[in-house]
Amino acid sequence: MVEVSDEAVETYQRDGVVVLRGVFRDWVEPLLAGMAAAHAQPSALERSYYPSDGSAPFFQDFCRWPDIPQFRAYVFDSPAAAIAARLMRSRTARFFHDHTLIKWPGNSTVTPWHQDEPYYCVRGEQSVSFWTPLDPVSAATSLQCVAGSHRWSAKGFRPDRFDGTSLYAKSDFDPLPDIEAQRSTHDIRVWDMQPGDAVAFDFRTVHGAAANTATIPRRGFSARWIGDDARYVVRPGRTSPPFPGLTLKDGEPMVADEFPLAYG
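This report concerns the structure included in the present document. (Residues numbered from 1 in each chain as written. Predicted model: local features only at pLDDT ≥ 70, side-chain atom pairs only at ≥ 80, totals over all residues. Heavy atoms only, no water.)

The computed volume of the largest pocket comes to approximately 440 Å³. In terms of lining, the largest pocket is formed by 28 residues, of which the most central are Gln 60, Phe 62, His 99, Phe 162 and Ser 240. Elements with a contribution of two residues or more to the lining of the largest pocket: strand 2 (58-62), strand 3 (93-103), strand 4 (111-114), strand 10 (207-209) and strand 11 (218-226). A per-class count over the lining of the largest pocket returns 12 nonpolar, 9 polar and 7 charged. (1 Å grid on protein atoms, 1.4 Å probe; cavity = no way out; pocket = protein on both sides within 12 Å on 5 of 7 lines; lining within 4 Å. Points joined across faces, edges and corners; volume = space filled by probe spheres on them. Helix = DSSP H or I, 4+ residues; strand = E, 2+ residues; numbered from the N terminus. Nonpolar A, V, L, I, M, F, W, Y, C, P; charged D, E, K, R; others polar.)

Written out as structure tokens, the structure is:
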């Protein structure tokens, strides 16, 4: 039984980010096996970046829980759903999607500062992503989150692809502040991490990550969860990831087979 302290919940609610030590330690090997399967046979949503400098690639894939047994087991059998509900202060937890990220050793891709929610077809106060490294990660190459940034913008920040182009042709989002130029003015949270730790962060929390200058892979499994108040939102273009089969209308609860109820 994994316990999440009241202090962790308070930190999450206040700052939009908290580190949870060892919560998925027992799931590292299953997730590694699932990640190997995803990498061996990518889905149609696979998106890899091949740096122009010829360094190692950055592999990504999405929404593999329906066809990878280890990911499906994580959704329904791990403590993740219960932890998500507690952090969100939600009666329920629905699984939104999984995201496999592999920065191979020497990969030069910098994950730019961004906020997740504008990329998604969902809006709400109750959301959480668990970013779990499956390799040891130093703070120099780990996920970085700006504490309190989940409260910065009611509209949300403009979602750009990682190559710098805008995801949507037209949008009414706010421009993202230049975090890198203003690092000293922000409370940036980053930790040395071990396999099975997790950074829990709100979909609206601004975050990014450095290139992988280490000599080992940086394999990360992200699991995104939504709570009671989550509502479908129509975006001005194709979301990332897309859910083309959805028949939900703008403002409706996220009740669909694509988003299984795992807690509550």
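Turning next to helix 1 (residues 6-15). For helix 1, every residue scored as buried is listed here: Ala 8, Val 9, Thr 11, Tyr 12 and Asp 15. Projection of helix 1 onto a plane perpendicular to its axis shows the buried side chains occupying an angular sector of 160 degrees, all on one side. Of the exposed residues in helix 1, those oriented more than 90 degrees away from the buried face are Asp 6, Glu 7 and Arg 14. Buried-residue contacts for helix 1 involve strand 1 (17-20), helix 4 (80-88), strand 6 (127-133), strand 7 (143-146), strand 8 (188-189) and strand 9 (198-201). A positive phi of about 75 degrees marks Gly 16, the residue just after helix 1. (Buried < 20%, exposed > 50% of the residue type's maximum accessible area, 1.4 Å probe, protein only. Arc of directions from axis to C-beta. Contact = heavy atoms within 4.5 Å.)

Per the stated rule, a full pass over the model turns up 1 cavity of 30 Å³ or more. Estimated volume of the largest cavity: approximately 30 Å³. Lining the largest cavity we find Glu 117, Val 122, Arg 123, Gly 124, Gln 126, Ser 127, Phe 203, Ile 226 and Ala 230. For the lining of the largest cavity, the residue count by class is 4 nonpolar, 3 polar and 2 charged.

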